[in-house]
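Observations on chain architecture
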Amino acid sequence: MSGLMQRATPDRQPAIRASALVRRFGDNDAVAGVDLEVQAGEIYGFLGPNGAGKSTMVRMLTTLLTPTSGTAQVAGHDVATDADRVRLRIGVALQEAALDGKQTGRELLDLQGRLYGLSRTERLRRVKELLELVSIGDAIDRRINTYSGGMKRRLDLAAALVHQPEVLFLDEPTTGLDPTSRAAVWAEVRYLNEHLGITIFLTTQYLEEADALADRVGIIALGKLVAEGTPTDLKRAIGSDVIVAKVTAGQAAGVVAVVERLAEVDRVEIAGDEVVMSVDRGAAAISPVAVALAEAGVTVEGLTLRTPTLDDVFLHITGGRLQEDAA
Amino acid sequence: MSTVTHGERVHPRAAGFFTDWRTVSLRALRLTWRDPEAFGPALAIPLFFFVVNIGALQKFVEGSGSFPPGFDYKAFQLPVAVIFAVTGVSRAGSLVIDIQDGYLDRLLLTPVRRGTLLLGLMTADFVLIVCLVLPVLTLGLILGIHVATGIVGIVMFVLFAGVWGLAFTGFPYAIALRTGNPTAVNNAFLLFFPFAFLTTAYLPEQAMTGWLATAVKFNPTTYLLSGMRSMLQTGWEWGEIGKGLLAIAGVGALSFSMAFAALRGRVNRS
Ligand SMILES: Nc1ncnc2c1ncn2[C@@H]1O[C@H](COP(=O)(O)OP(=O)(O)OP(=O)(O)O)[C@@H](O)[C@H]1O
Ligand SMILES: [Mg+2]
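Residues numbered from 1 in each chain as written. Chains lettered and ligands numbered in written order. Predicted model: local features only at pLDDT ≥ 70, side-chain atom pairs only at ≥ 80, totals over all residues. Heavy atoms only, no water.

Points about empty space enclosed by the protein
Going by this rule: With a 1 Å grid spanning the protein atoms alone, the term cavity applies to any set of points in which a 1.4 Å probe fits but cannot get out, the term pocket to an open set with protein on both sides within 12 Å along at least five of seven lines, and the term lining residue to any residue with an atom within 4 Å of a point. Grid points are joined across faces, edges and corners, and a volume is the space filled by probe spheres set on the points. The helix count covers DSSP runs of H or I at least four residues long, the strand count covers runs of E at least two residues long, and both are numbered beginning at the N terminus. Amino acid classes used here: Ala, Val, Leu, Ile, Met, Phe, Trp, Tyr, Cys and Pro are nonpolar; Asp, Glu, Lys and Arg are charged; the rest, including Gly, are polar.
By the definition in use, this model includes four cavities of 30 Å³ or more. Approximately 110 Å³ is the volume attributed to the largest cavity. Lining of the largest cavity is provided by A:L111, B:T23, B:V24, B:R27, B:S94, B:L95, B:D98, B:L104, B:L107, B:L117 and B:L121. Those elements that place two or more of their residues in the lining of the largest cavity are α1 (17–33), α4 (92–101), α5 (103–108) and α6 (114–142) of chain B. A class-by-class count of the residues in the lining of the largest cavity yields seven nonpolar, two polar and two charged.

Structure below.
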C-alpha cells in the first residue's frame, strides 16, 4: 500500500520493534530470536504454519507473556518494563474471540471503556461509532452467548478498538471464516489502516491473505523469522515464474534428476507429489522441460506454468508447504 | 502518532485502583444476579439440614443431660447452617470460564490494576454471602431463637458470617487461577469437609473425646462457631468473639495469600 513510503520516514520511531526476542516453554523455543521492525502506518503480515510461534509472538508484543529474553518496544514503550503505556496504545484481537457470554455486547464495550479510563461521554460516543464500524445492529443489547461466530469476531474487534489504539494486533483474524466474512474482515482491516491510520500487525496461515493485505510480510517457521519483505519482492526473489510438475508417488526424484540439468531451470524443489521449478522466463522454459522429461522417459501427470506465490517462497526457504492443501 | 479518526480523539488512561475495583465489582454483581443457579442450592441445602437436624437431634441433645438447663439446640445449630450456606460461595467458577473463554486475557490487555480483578469478585461474593445469611437467620428467628446480644448482635452475627465466607473464597480462587479447571473448582468445597465435620457442628466440645477432641481444638471452625454461638446464646463474650475473629483472620490470611499469589502467577507468565 502506498501509505508505507509516505509515512515511514527513517528518523521516525517504529510502531513495533523486536530485538532478539525469545520465548521458551520448557525446552521448546516457541519464538527463537526474532528481530523485526514495523513502521507506523504499515500493515505487517506475519505468515507461518500451525505452531510456528505466531500467537506466542503476539502475546509477547501485547504484554500478555513475558519474553524469556530479548526486548520489544510497541508504540514507543517497552513491553516488559512499561507495559501499561503499551496497553493504552494497542488494541488486540486474539486468535479466539475473547468475550464474556453472559454480558450483552453493549455492556462489554462499556466495561472496556471504563477500564481504559474513558469518561461516560467518551464511552457512549465510542460505542455508537463502533456499532457503525462493525455492524452488529440490535444484537448489541443481547447476551453475547446468543451471537454467531462471525458476530463474536466483529464484537471482539470492536472491543479491541474502544480506546482508539495506534497499533492493532490481529491474530489469525480470518481463520475459520467463510469467504464472504473473510472479505469483510479484509475490507475492515484496510479501512482501519487507510482511514484511521492504525498500524496493523496481522498473523495468518493464508498466503493469499498476507499477499492481499500486507505492505510487508515476515515469514516465521519454527520460531524463526526466515524471510521478510514486500510480497512482490519475496516472490521475485525466487524467480519470475514457476513450473510445477505433478508426479505419481515415488517419481519425484526421477523428475528432479532430469530437470535440474537444464540451463533454464534455476532451482528445483519437491513438495509432496509436486516438483516445483523456479525459472526466469516460464514461457521459454516450459517446452525444454517437457521435452527433457519425454526424452528421459519420465511420465508426469501434469505440467503447469504459473507465477510464484508466497507458498512457493515458504517452500523454498523451509522445504515444506505452508498449508497441506495448498498448490 | 497522527492518527486520523472518524470521531474525536478519546483519552485512554489507567483508570486507577478504586475505579477499577468498582468496575470489576459491578460486573461481578450483575453476573451474580443473572446466575441464580450458582447460589440457589447454596441456600436451599443448609436450610434443609437446619430444619432436619433440629427435628432429629433437638430432643436428644437437650435431654442428654450434659448441658445446662435452658440450652437451646436451635441456637446451637443456627451458626452451623449459616456457615454451611456461606462457606465456599465464590465466583471462582465464573473466573474459570473467563480463563477458558480468553476473557481474562481481554481484561489483562487493559491497564486494569491486576489485584482488582480478584477484589471485585470478592466484593460481589461478600454481598452475596450477606444475602445468603439473612434468610437462614430469619428462619432461626421465626423458629423462636432468642438473640442474647440484641439487634447489634444480629448485625455483628451477619458480619461475622460474611467475613468468614469472604475469608474462605481465597481457596477456590487460588484453585481457579492455578488450574483453570472447572472440575477442580467445583470440588473446592471438599476442602471444607474436614473443617466442617471435625468440629462442634453437631455436638458441643464437652461431648467429644480422644483424637476427635484434639482435631476439634485445632480446627478454626470450632472457634468461629463458638464465637457466633456466644452472641446468640450468652451475650457479649469478648474472649469467644476475639478467638472467632482470630480464626477468621488466620484462614483469610492463608487463603488470600494463596489466591493473590496464584493471580500473580497467571498475570506475569514468565
Ligand atoms: N502456554 C504454552 N505452554 C507450552 N507450550 C506452548 C504454549 N503456548 C504455545 N506453546 C508452543 O509454542 C509453539 C508455538 O505456538 P504458537 O501458538 O505460538 O503457534 P502459532 O503459530 O500461533 O500456531 P497456530 O497457527 O496453530 O495458532 C507450539 O509448539 C506450541 O505448542
Ligand atoms: Mg496461533
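Some points on the sheet that holds strand β11 (residues 241–246) of chain A
Residue and element names in this part refer to chain A. The test is simple: Pairing between strands requires that DSSP locate at least two bridges from one strand to the other. For helices, the fitted line uses only the C-alpha atoms of the stretch in contact; every axis is such a line through C-alpha atoms, and the angle between N-to-C directions lies from 0 to 180 degrees.
The four strands lie next to each other as β12-β13-β11-β14, forming an open sheet whose pairing is antiparallel. On the outer flanks of this sheet lie β12 (265–271) and β14 (302–306), each paired with one strand and no other. Averaged over all pairs of adjacent strands, the angle between strand axes in this sheet comes to 20°, irrespective of strand direction. Across six bridges, the pairing between β12 and strand β13 (residues 274–279) is antiparallel.

Here's the deal with the interface of chain A and chain B
Applicable threshold: By definition, residues are in contact when any of their heavy atoms lie within 4.5 Å. A side-chain nitrogen of Lys or Arg and a carboxyl oxygen of Asp or Glu constitute a salt bridge if their distance falls within 4 Å. Between N or O atoms, a polar contact is any pair within 3.5 Å; within protein, one atom must be a potential hydrogen donor and the other a potential acceptor, and residues adjacent in sequence are included only when both atoms are from side chains.
The interface is formed by 47 residues belonging to chain A together with 40 residues belonging to chain B. Our count for the chain A to chain B interface comes out at seven salt bridges. In this structure, A:D84 engages B:R113 in a salt bridge whose closest nitrogen and oxygen atoms are separated by 2.3 Å. Across the chain A-chain B interface, the total number found is 17 residue pairs in polar contact (both at pLDDT 80 or more). If you tally residues by element for the side of chain A that touches chain B, the top one is helix α4 (residues 105–115) of chain A, at six residues. Looking at the side of chain A that touches chain B, its residues break down into 21 nonpolar, ten polar and 16 charged.

So, the UniProt feature "domain: ABC transporter" (unreviewed entry) in chain A
So the rule is basically this: UniProt positions are given in the numbering used here, feature names are shortened, and annotations may be inferred rather than shown by experiment.
Taken from the UniProt record, the annotation "domain: ABC transporter" (unreviewed entry) applies to residues 16–247 of chain A. With 37% helix and 29% strand, the stretch residues 16–247 of chain A has end C-alpha atoms that lie 44 Å from each other.

Some points on the packing of helix α3 (residues 73–86) of chain B against helix α7 (residues 150–179) of chain B
All names here are of chain B. So the rule is basically this: Crossings are assigned a handedness: left-handed for a near helix turned anticlockwise from the far helix by less than a right angle, right-handed for a clockwise turn.
Orientation of α3 relative to α7, taken along the N-to-C sense of each, is 40°, at an axis distance of 9 Å. Considering how the two elements wind past one another, α3 and α7 form a crossing that is right-handed. In contact with L78, P79, V82, I83 and V86 of α3, α7 contributes F157, A161, W164 and G165. Considering only residue class, the contact of α3 with α7 consists of eight nonpolar, one polar and no charged.

Looking at the domain arrangement of chain A
Where interface size is given, it is often the accessible area lost as the parts come together that is meant. Test applied: Segmentation of the chain into domains, including their bounds, is taken from an automatic or database domain assignment.
By domain assignment, chain A separates into domain 1 (10–229) and domain 2 (239–307). Centre-to-centre, using C-alpha coordinates, domain 1 of chain A lies 41 Å away from domain 2 of chain A.

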